[in-house]
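Spelled out, the chains give:
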Amino acid sequence: MRQTTTPRPLRVDEVARAEAVDLVERAGDRQVVTVELHLDDGTELVLPERLGGFVANLVRSMADGAGVSTSILPDEMTTTVAADVIGISRPTLMKAIGRGEIAAHTVGTHHRLRRADVLAARDARRVTRAAAARELLESGEAFD
């Protein structure tokens, strides 16, 4: 695998975007569980869950036509960055911190959150949202 020390821009052409759209449409609302790589020598590699999720999100972003950029999350985040990662507003995050739902510490007068805590909150939110969507779907089917 090639190692680089400087970031390289990833270019998404229309063919790659069309392939991403096709994949997302075929997947529908199902969730990616495993991503496998098949190498030219016949070797198969299964990506770890978080990396597979990253690849799935990258494909979804390509399909949406959204600009795609990546960055490494810092070990310690501001509330603005943490709220963005979790997918909630900063005021909602501050309320969750105040209720003790998400761990945070202060640096001077500012709150900071550990990356592991932010990612755990994001994952918990995804699980809760998926369960609510299933419940809504099941209750809707009961009326059919």
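Just so we're clear, the structure is a prediction, and the values are computed from it rather than from any experiment.

(A) Main features of the layout of surface pockets. Of the pockets and cavities examined, the second largest pocket occupies roughly 330 Å³. Contributing to the lining of the second largest pocket are 14 residues, with L23, A27, V32, A56 and V59 lying nearest its centre. Considered class by class, the residues forming the lining of the second largest pocket number 8 nonpolar, 3 polar and 3 charged.

(B) How the structure looks around a nonpolar patch on the surface. The grouping of L37, L39 and L45 at the surface amounts to a nonpolar patch, some 230 Å² of accessible area in total. Among the structural elements, L39 can be located in the loop between β1 (36-38) and β2 (44-46).

(C) Examining the pattern of salt bridges more closely. Per the stated rule, a full pass over the model turns up 6 salt bridges. Of the charged contacts, one joins R26 and D22 as a salt bridge, the two residues approaching to 3.1 Å between their closest N and O atoms. Taken as a pair, R26 and D22 lie in helix α1 (residues 14-27) at a separation of 4 residues, close to a single helical turn. R26 gets classed as exposed once you look at its relative accessible area, which sits at 54%.

(D) A look at the sheet that holds strand β3 (residues 76-78). The strand order β3-β5-β4 describes an open sheet built from 3 strands, whose pairing is antiparallel. Looking along the sheet, the strands with just one partner apiece sit at the ends: β3 and β4 (105-107). Averaged over all neighbouring strand pairs, the angle between strand axes comes to 45°, with direction disregarded. Strand direction decides the pairing type here: β3 and strand β5 (residues 110-114), joined by 3 bridges, are antiparallel. By the bridge assignment, E76 is partnered in β5 with R114.

(E) Region of interest: the packing of helix α3 (residues 79-86) against helix α4 (residues 90-98). Their axes nearest at 9 Å, the elements α3 and α4 cross at an angle of 100°. Comparing their axes, α4 and α3 come out roughly perpendicular. Where α3 approaches α4, its residues T79, T80, A82, A83 and I86 are matched on the opposing element by R90, L93, M94 and I97. Here the contact of α3 with α4 is composed, by residue class, of 6 nonpolar, 2 polar and 1 charged.

(F) Quick look at the side chain of R122. Inspection of the secondary structure puts R122 in helix α5 (residues 115-142). With near-sequence residues (within four places) excluded, R122 lies in contact with R50, V85 and I86.

(G) Up close: the confidence of the model for the protein chain. Put simply, the protein chain has an average pLDDT of 87, and 93% of its residues get 70 or more. Taken element by element, the protein chain is modelled with least confidence in α5, mean pLDDT 87, and with most confidence in β5, mean pLDDT 97.

Basis of the calculations
- Residues numbered from 1 in each chain as written.
- Predicted model: local features only at pLDDT ≥ 70, side-chain atom pairs only at ≥ 80, totals over all residues.
- Heavy atoms only, no water.
- 1 Å grid on protein atoms, 1.4 Å probe; cavity = no way out; pocket = protein on both sides within 12 Å on 5 of 7 lines; lining within 4 Å.
- Points joined across faces, edges and corners; volume = space filled by probe spheres on them.
- Nonpolar A, V, L, I, M, F, W, Y, C, P; charged D, E, K, R; others polar.
- Patch = residues over 30% accessible without salt bridge, like charges linked within 9 Å, V, L, I, M, F, W, Y side chains within 5 Å.
- Areas by Shrake-Rupley, 256 points an atom, 1.4 Å probe, with all protein chains shown as cover.
- Salt bridge = Lys/Arg side-chain N within 4 Å of Asp/Glu carboxyl O.
- Helix = DSSP H or I, 4+ residues; strand = E, 2+ residues; numbered from the N terminus.
- Buried < 20%, exposed > 50% of the residue type's maximum accessible area, 1.4 Å probe, protein only.
- Pairing = 2+ DSSP bridges.
- Axes fitted to C-alpha atoms, helices over the stretch in contact; angles between N-to-C directions.
- Parallel < 35°, antiparallel > 145°, perpendicular 65-115°, else oblique.
- Contact = heavy atoms within 4.5 Å.
- pLDDT = per-residue confidence, 0-100.

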